[in-house]
Amino acid sequence: MSESCNHDCSNCSVSCSERQNPSDFVEKLNELSHVNKVIGVVSGKGGVGKSLVTSLMAVLMNRKGYHTAVLDADITGPSIPKVFGIHERAKGGQLGDKYVIYPEKTKTGIDVMSVNLLLENTTDPVIWRGPIIAGTVKQFWTDVLWDNVDFMFVDMPPGTGDVPLTVFQSIPLDGIIVVASPQDLVSMIVTKAVNMAKMMNIPILGLVENMSYVQCPDCGKKISLFGEGHLDEVAKEHGVEVLGRLPVDPKLAKACDAGAIELFEGDWLDSAADKIEQMK
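Small disclaimer: the values here were computed from a predicted structure and weren't measured.

Asks: Please clarify how the overall build of the protein should be interpreted in this entry.
Replies: Assigned secondary structure in the protein consists of 8 helices and 12 strands. A globule of 280 residues ought to have a C-alpha radius of gyration of about 19 Å, and the protein, at 19 Å, matches this closely. The dimensions of the protein, computed from C-alpha atoms along their principal axes, are 60 × 45 × 35 Å. Within the protein, the fraction of its 280 residues that count as buried is 49%. Taking contacts inside the protein between residues at least 6 apart in sequence as the whole, the part at least 24 apart equals 77%.

Asks: Just checking my understanding: could you explain the pattern of salt bridges for this structure?
Replies: For the structure shown, the criterion picks out 12 salt bridges. We note a salt bridge from lysine 64 to glutamate 277, for which the minimum N-O separation is 3.1 Å. With a gap of 213 residues between them, lysine 64 in the loop between helix 1 (50-63) and strand 2 (68-72) and glutamate 277 in helix 8 (residues 270-277) connect regions that are remote in the sequence. Sharing partners across several salt bridges, the network here consists of Lys50, Asp74 and Asp155.

Asks: Looking at this model, I keep getting lost on the confidence of the model for the protein. Mind explaining?
Replies: The share of residues in the protein with pLDDT of 70 or more is 90%, and the mean pLDDT across the chain is 87. At the low end of the mean pLDDT range in the protein sits helix 5 (residues 186-199), at 83; at the high end sits strand 6 (residues 111-113), at 98.

Asks: Just checking my understanding: could you explain the packing of helix 1 against helix 8 for this structure?
Replies: When two helices pack together, their arrangement is given by the angle between the helix axes and the distance between those axes. Between helix 1 and helix 8, the least distance of the axes is 10 Å, while the angle of their chain directions is 65°. The interaxial crossing formed by helix 1 with helix 8 has right-handed handedness. Here Met57, Leu60 and Met61 of helix 1 lie close against helix 8, whose contacting residues are Asp270, Ala272, Ala273, Ile276 and Glu277. For the contact of helix 1 with helix 8, a count of residues per class yields 6 nonpolar, no polar and 2 charged.

Asks: Which parts of the structure should I look at to understand the packing of aromatic side chains?
Replies: Centre-to-centre distance and the angle between the planes together describe a pair of aromatic rings. Using the criterion set out here, one finds 2 aromatic pairs in the structure. Plain terms: the ring middles of phenylalanine 264 and tryptophan 268 are 6.2 Å apart, the flat faces sit at 25° to each other, and that makes the pair stacked. Note on accessibility: phenylalanine 264 and tryptophan 268 belong to one class, buried. Lying across the ring of phenylalanine 264, arginine 63 places its NZ or CZ 4.6 Å from the centre.

Asks: Got a minute to help me understand the side chain of glutamate 104 in this structure?
Replies: When you line up the elements, glutamate 104 lands in strand 5 (residues 104-105). Taking the relative accessible area as the measure of exposure, glutamate 104 reaches 12% and is therefore buried. Apart from the residues within four sequence positions on either side, glutamate 104 is in contact with Ile86, Glu88, Arg89, Ala90, Lys91, Ile110, Asp111, Val112 and Leu117.

Asks: For this particular structure, what's the right way to read the layout of surface pockets?
Replies: Rolled over the atoms, a probe as big as a water molecule pinpoints where empty space is left. In this structure, the largest pocket spans a volume of roughly 380 Å³. At the level of elements, strand 10 (214-215) and helix 7 (250-257) are the ones that each hand at least two residues to the lining of the largest pocket. Broken down by element, the lining of the largest pocket gets its largest block of residues, 4 residues, from helix 7.

Asks: Would you mind showing me how to read the packing of helix 3 (residues 130-142) against helix 4 (residues 162-170) here?
Replies: Two elements in contact, helix 3 and helix 4, have axes whose closest approach is 9 Å; the angle formed by their N-to-C orientations is 30°. Between helix 3 and helix 4, the crossing angle belongs to the class labelled roughly parallel. Considering how the two elements wind past one another, helix 3 and helix 4 form a crossing that is right-handed. Taken together, the residues of helix 4 that come into contact with helix 3 (itself represented by Gly130, Pro131, Ile133, Ala134, Val137, Lys138 and Trp141) are Asp162, Val163, Thr166, Val167 and Ser170.

Parameters and conventions
Residues numbered from 1 in each chain as written. Predicted model: local features only at pLDDT ≥ 70, side-chain atom pairs only at ≥ 80, totals over all residues. Heavy atoms only, no water. Helix = DSSP H or I, 4+ residues; strand = E, 2+ residues; numbered from the N terminus. Rg over C-alpha atoms; globule rule 2.2 N^0.38 Å. Buried < 20%, exposed > 50% of the residue type's maximum accessible area, 1.4 Å probe, protein only. Contact = heavy atoms within 4.5 Å. Salt bridge = Lys/Arg side-chain N within 4 Å of Asp/Glu carboxyl O. pLDDT = per-residue confidence, 0-100. Axes fitted to C-alpha atoms, helices over the stretch in contact; angles between N-to-C directions. Left-handed = near helix turned anticlockwise from the far one by under 90°. Nonpolar A, V, L, I, M, F, W, Y, C, P; charged D, E, K, R; others polar. Phe/Tyr/Trp six-rings, centres within 6.5 Å; stacked < 30°, edge-to-face > 60°. Lys NZ or Arg CZ within 6 Å of the ring centre and 35° of its normal. 1 Å grid on protein atoms, 1.4 Å probe; cavity = no way out; pocket = protein on both sides within 12 Å on 5 of 7 lines; lining within 4 Å. Points joined across faces, edges and corners; volume = space filled by probe spheres on them. Parallel < 35°, antiparallel > 145°, perpendicular 65-115°, else oblique.

And the structure:
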């Protein structure tokens, strides 16, 4: 134990012999909600497509007939409402002796909660300090009415700092998907995310590579725009599997910009969806 330890494990990422079990800090879901499985989608850095993978997984599991939800824990960079085309603000109200917040529903019935559903203008910046952001993430879990959700996907903030730590400790994650891009730095970045999950005793379901390639519309050849990725090597090193590779696809980007992610066509993450279905 460090001499400077203040015994507040909830605000400390050091793995020491005196560290309390992370489950000690799990926030209880309110008694009006029910969520079966919770999957976090994480990345060691920003800008690799974490929100895209979160959205696609929610859509895929919804297509399989499950009631899915997305908790947007990326408070300072929320993009989930945009890709689903949600423009309404979330509403709350008294339900019995409880005040609850109702998630907004997408066109196909996916429940979504994001800070952008609470702001007056979606372009307003969220200029909050860490404790307030962390508290908001907790409230999205405890105060929102999650009605009979089969699979919830949590769009995690990037990195391994205070807010990701809060999510790992406060929300009972059943597993995580790590998202990466095909760059030489991927080994170090993915390893950080994987090691954090291991420290927090969260199962790693597998890795997804975004921007993996572009497919020629004429001959169908796959071209590695950013060079050959090293994801297979990283996966083997950590004993996890590669769940899928997403291409650079203008149609997919257009669907996100138009708020029509639910209309996407592609089988890139089907194996990831199959593996998650086995968790039910």
